[in-house]
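Residue-level listing of the chains:
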Amino acid sequence: EAGVWAPSVIKVGSTYNYYYSLSLWGDENPGIGVATSPTPYGPWTHYGMVLDSETSGVSNSIDPQAIYYGEQLYLVWGSFYGIAATRLTDDGIEPYCGLAALKDNLTWIVEDNSGGSMDIDINYEGSYIVEIDGSWYYFGSQGTCCSGTASTYRVKVGKADDFLGTYRGSDGEKLSEGTYGDLVIGPSEDVAGTGHNTIVKDMAGDYWIVYHGFDIHGEYPSERTLFIDKLLFDESTGMPYVEGRRPSYHQSVEGPCVLAS
């Protein structure tokens, strides 16, 4: 009866790896699995568990992001009890160090500031890290994701000089302290639960944030809808944000530049 969600698909050599969360609601030992395919569309051959909370020591081990740092493949994961990263094997099937040594071979991207009790307003889930112009940006979601039109989900960001470095907000504090990062986008009177994002770069060199939210005035307000907005960068802090820090809504705006073949 477990749910599967929050996929991260990445090309590893000539193979595509599909990482996913597997968890029950309130699960004490959720985990992340992987399947492989010769195409990004499947069919997928299921491999099994990459890690879980017991093997990693990271509570609520869900929400994977697979990412290359140079030639090495890493997995970033975690939800509201800190965000961790570890190197994977070249094929991306398991931790490079092996499961037995995993607890001693991970890096905390965002330290666990929960105090042992989940506080969704000061910790993160739905991580997405991207390098832009030599700097690394950590995007994560805080708040409630799944309370329909009452959802408070929002995306905040921190910046570091290195992928495994210390990510800080414009206040100079780590993401586990201070203002807990800078707001990128949050709910509005029209859209609730804005979060769990991906960042994409278009062919004009602009960056876009893709995320979900609840269209409060829409036909299906209790179901999450896909949104996309352009990222701007603050001239003084260098931090990315969406105009007004609110989702565009029923507006005619310029979209990403995509060249058709």
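Residues numbered from 1 in each chain as written. Predicted model: local features only at pLDDT ≥ 70, side-chain atom pairs only at ≥ 80, totals over all residues. Heavy atoms only, no water.

1. Some details on the packing of aromatic side chains
Each aromatic ring pair is characterised by the separation of its centres together with the angle its planes make. Per the counting criterion, the structure on display carries 12 aromatic pairs. An angle of 75° between the planes, with centres 5.4 Å apart, marks the rings of Tyr-74 and Phe-163 as edge-to-face. With Tyr-74 in strand β6 (residues 72-77) and Phe-163 in the loop between β11 (154-160) and β12 (182-185), this pair connects stretches of sequence that are 89 residues apart. For Tyr-74, a relative accessible area of 10% translates into the label buried. (Phe/Tyr/Trp six-rings, centres within 6.5 Å; stacked < 30°, edge-to-face > 60°. Helix = DSSP H or I, 4+ residues; strand = E, 2+ residues; numbered from the N terminus. Buried < 20%, exposed > 50% of the residue type's maximum accessible area, 1.4 Å probe, protein only.)

2. Focus: the environment of Leu-226
Positionally, Leu-226 belongs in strand β15 (residues 224-230). When the C-alpha atoms of Leu-226 and Val-210 are compared, they prove to be 7.2 Å apart, with 16 residues separating the residues in sequence. Other than its neighbours up to four places away in sequence, Leu-226 contacts Val-210 and Tyr-211. (Contact = heavy atoms within 4.5 Å.)

3. Some points on unusual backbone geometry
Look at the link from Gly-42 to Pro-43: it is a cis peptide, with omega at 5°. Tracing the chain through its elements places Pro-43 in the loop between β3 (31-37) and β4 (45-52). Phi angles above zero are rare outside glycine, and Phe-80 is one such case at about 65°. Note on placement: Phe-80 falls in the loop between β6 and β7 (83-87). Note on Phe-80: relative accessible area 5%, which makes it buried.

4. A few points about the sheet that holds β3
Sheets are built from strands that pair by backbone hydrogen bonding, the pairs being arranged parallel or antiparallel. Strand order across the open sheet formed by four strands is β1-β2-β3-β4, with antiparallel pairing between neighbours. In this open sheet, the two edge strands, each paired with only one partner strand, are β1 (3-12) and β4. Taken over all neighbouring pairs, the strand axes of this sheet differ in orientation by 25° on average, direction set aside. Pairing of β3 with β4 involves six bridges; the strand directions are antiparallel. Within β4, the position partnered with Thr-36 by the bridge is Thr-45. (Pairing = 2+ DSSP bridges. Axes fitted to C-alpha atoms, helices over the stretch in contact; angles between N-to-C directions.)

5. Section: the environment of Gly-116
Following the sequence through the fold, Gly-116 ends up in the loop between β8 (107-110) and β9 (125-132). Sequence separation of Gly-116 and Ser-59 is 57 residues, and the distance between their C-alpha atoms is 9.4 Å.

6. As for the pairing of strand β10 (residues 135-142)
Within β10, eight of the eight residues are buried, which leaves the element mostly enclosed by the surrounding structure. Where burial is concerned, the two faces of β10 agree: the one with Ser-135, Tyr-137, Phe-139 and Ser-141 and the one with Trp-136, Tyr-138, Gly-140 and Gln-142 are both buried. Pairing analysis gives six bridges linking β9 to β10, with the strands arranged antiparallel. Bridge assignment links Ile-129 to a residue of β10, and that residue is Tyr-138. Taken together, the seven bridges between β10 and β11 define a ladder with antiparallel strand orientation. In the sheet register, Phe-139 faces β11, and the bridge partner there is Val-157.

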